[in-house]
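The primary structure of each chain is shown beneath.
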Amino acid sequence: MKCPKCGTDFAAVDFAGIQFERCTGCKGLWFDLLKKEDLQAMLGSESIDIGDARVGAEYNQNRDIDCPKCHIAMSPMIDKDQFHIQYEYCSRCFGTYFDAGEFRDLKEHSVVERFRQMLETLRTNLG
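Below you will find a few notes about this structure. As the structure is a computational prediction, the values presented were derived from the model and not from experiment. The residue numbers shown here count from 1 along each chain, following its written sequence. Where local features are concerned, this predicted model is filtered to residues with pLDDT of at least 70; where side-chain atom pairs are given and counted, the filter is 80 or more; whole-chain, interface and lining totals use all residues. The side-chain values count all of the structure's non-hydrogen atoms but skip hydrogen atoms and water molecules.

Turning our attention to the pattern of salt bridges. Any Lys or Arg side-chain nitrogen located within 4 Å of an Asp or Glu carboxyl oxygen qualifies as a salt bridge. Enumeration according to the criterion identifies nine salt bridges in this entry. Here aspartate 32 and lysine 69 are joined by a salt bridge, their closest N and O atoms 2.9 Å apart. Remark: lysine 69 occurs in the loop between helix H2 (53-59) and strand E4 (75-78) and aspartate 32 occurs in the loop between strand E3 (29-31) and helix H1 (35-40); sequence separation between them is 37 residues. Across the pair glutamate 88 and arginine 63 runs a salt bridge, and its minimum N-O distance is 2.7 Å. Of this pair, glutamate 88 sits in strand E5 (residues 86-89) while arginine 63 sits in the loop between H2 and E4, and the two are 25 residues apart along the sequence. An identical accessibility class is assigned to glutamate 88 and arginine 63; each is buried. Salt bridges linked by common partners bring Lys5, Arg63, Glu88 and Asp99 together as one network. A run of DSSP states H or I qualifies as a helix once it reaches four residues; a run of E qualifies as a strand once it reaches two. Both are numbered from the N-terminal end. For every residue, the accessible area (1.4 Å probe, protein chains only) is compared with the maximum for its type, and the residue is labelled buried under 20%, exposed over 50%, or partly exposed between those bounds.

Written out as structure tokens, the structure is:
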């Protein structure tokens, strides 16, 4: 498979038994159906996003891409909690593509949000 952003080959990567694809060029990440959600829930999975976020931000300007699996136009998506995270989604195979730095950013917010929710719950229960 070729990266939809830079055209370089993807390499298969495994994190705790979950396989995904990482571009060998720009370091963008391709997740098949539900792999993003599985990895997002795993402690330490932000380490899979080894790319430079500045490079990812440059490639993120190109939102008109085709799915590397289905070869149909992907839909631009915005994370519901972090509007600055913009990724691409395939409506046929349900895969998602994240530019370098986006998955790490998504995970950082998730950890902060979990702590914030725990504190709010404690305040409510103790208050």
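With that settled, consider the nonpolar core. One broad rule of soluble globular proteins: the nonpolar side chains tend to lie buried together. Within the largest apolar cluster, 13 residues are counted, with the highest numbers of intra-cluster contacts made by Phe20, Leu29, Phe31, Leu39, Ile48, Phe98 and Phe103. For this core, the secondary-structure elements that each account for two or more residues are strand E1 (10-15), strand E2 (18-23), E3 and helix H3 (102-126). Among the nonpolar cores identified, the runner-up in size contains eleven residues, and Cys26, Cys67, Cys90 and Tyr97 belong to it. Buried Ala, Val, Leu, Ile, Met, Phe, Trp, Tyr and Cys residues that are joined via side-chain atoms within 4.5 Å together make up what is termed a nonpolar core.

What follows concerns the packing of aromatic side chains. Stacked, tilted and edge-to-face are the three classes applied to pairs of Phe, Tyr and Trp rings, where Trp contributes its six-membered ring and a pair requires centres within 6.5 Å; stacked means planes under 30 degrees apart, edge-to-face means over 60, and tilted covers the rest. A complete count under the given rule lists seven aromatic pairs for this structure. Note on phenylalanine 20 and phenylalanine 31: the rings are 5.8 Å apart at their centroids and 45° apart in plane angle, and the pair reads as tilted. Of this pair, phenylalanine 20 sits in strand E2 while phenylalanine 31 sits in strand E3, placing them eleven residues apart in sequence. As far as the burial class goes, phenylalanine 20 and phenylalanine 31 line up, both buried. A ring pair is formed by tyrosine 89 and phenylalanine 94, whose centres lie 6.3 Å apart and whose planes are at 45°; its orientation type is tilted. The class of phenylalanine 94 is partly exposed, set by a relative accessible area of 38%. An aromatic cluster of at least three residues, connected via ring pairs, comprises Phe20, Phe31, Tyr87, Phe98 and Phe103. As a reminder, the over-ring test applies to NZ of lysine and CZ of arginine, requiring each to be within 6 Å of the ring centre and within 35 degrees of the ring normal. Over the aromatic face of tyrosine 87 sits the side chain of lysine 36, whose NZ or CZ is 5.8 Å from the ring centroid.

This part covers the pairing of E5. Any two strands with at least two DSSP-identified bridges between them are counted as paired. With four bridges connecting them, E4 and E5 associate as antiparallel partners. Counterpart to methionine 77 in the pairing with E5 is tyrosine 87. The turn linking E5 back onto strand E6 (residues 96-98) is made up of six residues, and phenylalanine 94 within it adopts a positive phi angle of 70°.

What follows covers the pairing of E1. The pairing of E1 with E2 spans six bridges and is classified as antiparallel. Bridge pairing in E2 places phenylalanine 10 opposite cysteine 23. The antiparallel hairpin formed by E1 and E2 contains two residues in its connecting segment, where alanine 16 sits at a positive phi of about 50°.

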